[in-house]
Structures are given as structure tokens and as C-alpha cells.
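# Analysis of the macromolecular model
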Amino acid sequence: SAEGDEVSPAPPQLPLLGKDEPVFYEKGDARHEAVIKGVHVDDPSAPYYTVALPDGREVQTTAAHLTPKLVQPRTLQELNVLLAQARRNGDHKESLRLMKLQPSLLPKPVDTDEARRQ
């Protein structure tokens, strides 16, 4: 029998956003700054969130209505652009967060032992 023909069920959707994460909550044409207060996974295929709005209200919503406020850079170049922006805005917390991400975006050193064995 040919391997790999079996269709495995899709893995449950993991929540992409975490508690206390700053987000934008969008409903209709309105866009509000919000903070995630709870992540609910009663149904792992459809996590939902409780978010706190600036006026003190809390609403439950799905990821479709939320946009992360903190951008995760994928390259060193993206990180440098975001870092410059945070520094211009005087956002020290964001600058520190981005600087902590820097090592994960640097090219990995070549393992010389591995190279010598080949």
C-alpha cells in the first residue's frame, strides 16, 4: 500500500493570541485598542477571546475580529525598521521587546564540527 495516502484530521486550531496581549478589536468600521483578558478553548477548533476595551467594557470575540498590536518581525531588516519606529515614538517597552527578538533573527553560525565530518 502507498504510504501518505491517508488524510489525517486537521490539528485543532491553537489560539494565536495570548492573555494580556495588546490588540486592535475591529467590528464594522470601528477599530478599538483592546487587551486580551481571557483565551477560551472550550471548543479547540474555535478558540475565542475576552477583550477589554478602553471604555471598560469587556466583549467576547473571535480571532477574526482581532489584530495583534505587536508586530512580529520575520527578518532582521523588518526588526530594524520596527526598532527605529519604536525609538522615534519613545516607546521603550517596545524597543526592549524587539531587542530581545534580535538573537532569534540572526543567521545561525555554521557548526564547524559538522562541516569537517562531511
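Since this is a predicted model, take the numbers as computed values, not measurements.

## Re the overall build of the chain
Counting its secondary structure elements, the chain contains 3 helices and 5 strands. For the chain, the succession of helices and strands along the chain, N to C, is β-β-β-β-β-α-α-α. Counting all 118 residues of the chain, 21% fall into the buried class. Restricting to contacts in the chain with at least 6 residues of sequence separation, those with at least 24 account for 35%. Of the roughly 9,200 Å² of accessible surface on the chain, 55% is carried by carbon and sulfur atoms.

## Description of the pairing of strand E2 (residues 30-40)
Pairing geometry for strand E1 (residues 22-27) and E2, over 6 bridges, is antiparallel. Note that in E2 the partner of Lys27 across the bridge is Ala30. Linkage of E1 to E2, two consecutive antiparallel strands, is achieved through a turn of 2 residues, within which Gly28 is found at a positive phi near 65°. As defined by bridge partners, E2 adjoins strand E3 (residues 48-52) across 5 bridges and the pair is classed as antiparallel.

## Section: helix H2 (residues 92-105)
Three or four residues apart is the spacing at which side chains of an α-helix point the same way, because the helix has 3.6 residues per turn. For H2, which comprises 14 residues, the first-to-last C-alpha distance of 20 Å matches the rise-based estimate of 20 Å (1.5 Å per residue) to within 8%. Among the residues making up H2, those that are buried are Glu94, Ser95, Arg97 and Leu98. Each buried residue of H2 lies within a common arc of 160° when the element is viewed along its axis, so the set occupies one face. Every exposed residue of H2 that faces more than 90 degrees away from the buried side is listed here: His92, Lys93, Lys100 and Pro103.

## So, the side chain of Thr50
Note on placement: Thr50 falls in strand E3. At 2.6 Å, the side chain of Thr50 and the side chain of His40 are in polar contact.

## Points about unusual backbone geometry
The phi dihedral of Asp20 falls on the positive side, at around 70°, and the residue is not glycine. Looking at where Asp20 falls in the secondary structure, it is placed in the segment before E1.

## A closer look at the sheet that holds E2
Strand order in the open sheet formed by 5 strands is E4-E3-E2-E1-E5, and the pairing between neighbours is antiparallel. Strands with a single pairing partner mark the edges of an open sheet, and in this sheet they are strand E4 (58-62) and strand E5 (66-68). Going across the sheet, the axis of each strand differs from the next one's by a mean of 45°, ignoring polarity.

## Re helix H1 (residues 76-88)
The end-to-end C-alpha distance of H1 is 18 Å, a good match for the 18 Å that 13 residues give at a rise of 1.5 Å each. Those residues of H1 lying buried are Leu79, Leu82, Leu83 and Ala86. Down the axis of H1, the buried set is contained in an arc of 105°. They therefore lie on one face. Pointing more than 90 degrees away from the buried face of H1 are the exposed residues Gln77, Val81 and Arg88. Just downstream of H1 lies Gly90, where phi reads positive at about 70°.

Criteria and cut-off values
Residues numbered from 1 in each chain as written. Predicted model: local features only at pLDDT ≥ 70, side-chain atom pairs only at ≥ 80, totals over all residues. Heavy atoms only, no water. Helix = DSSP H or I, 4+ residues; strand = E, 2+ residues; numbered from the N terminus. Buried < 20%, exposed > 50% of the residue type's maximum accessible area, 1.4 Å probe, protein only. Contact = heavy atoms within 4.5 Å. Areas by Shrake-Rupley, 256 points an atom, 1.4 Å probe, with all protein chains shown as cover. Pairing = 2+ DSSP bridges. Expected span 1.5 Å × (residues − 1). Arc of directions from axis to C-beta. Polar contact = N/O pair within 3.5 Å; in protein donor to acceptor, adjacent residues only side chain to side chain. Axes fitted to C-alpha atoms, helices over the stretch in contact; angles between N-to-C directions.

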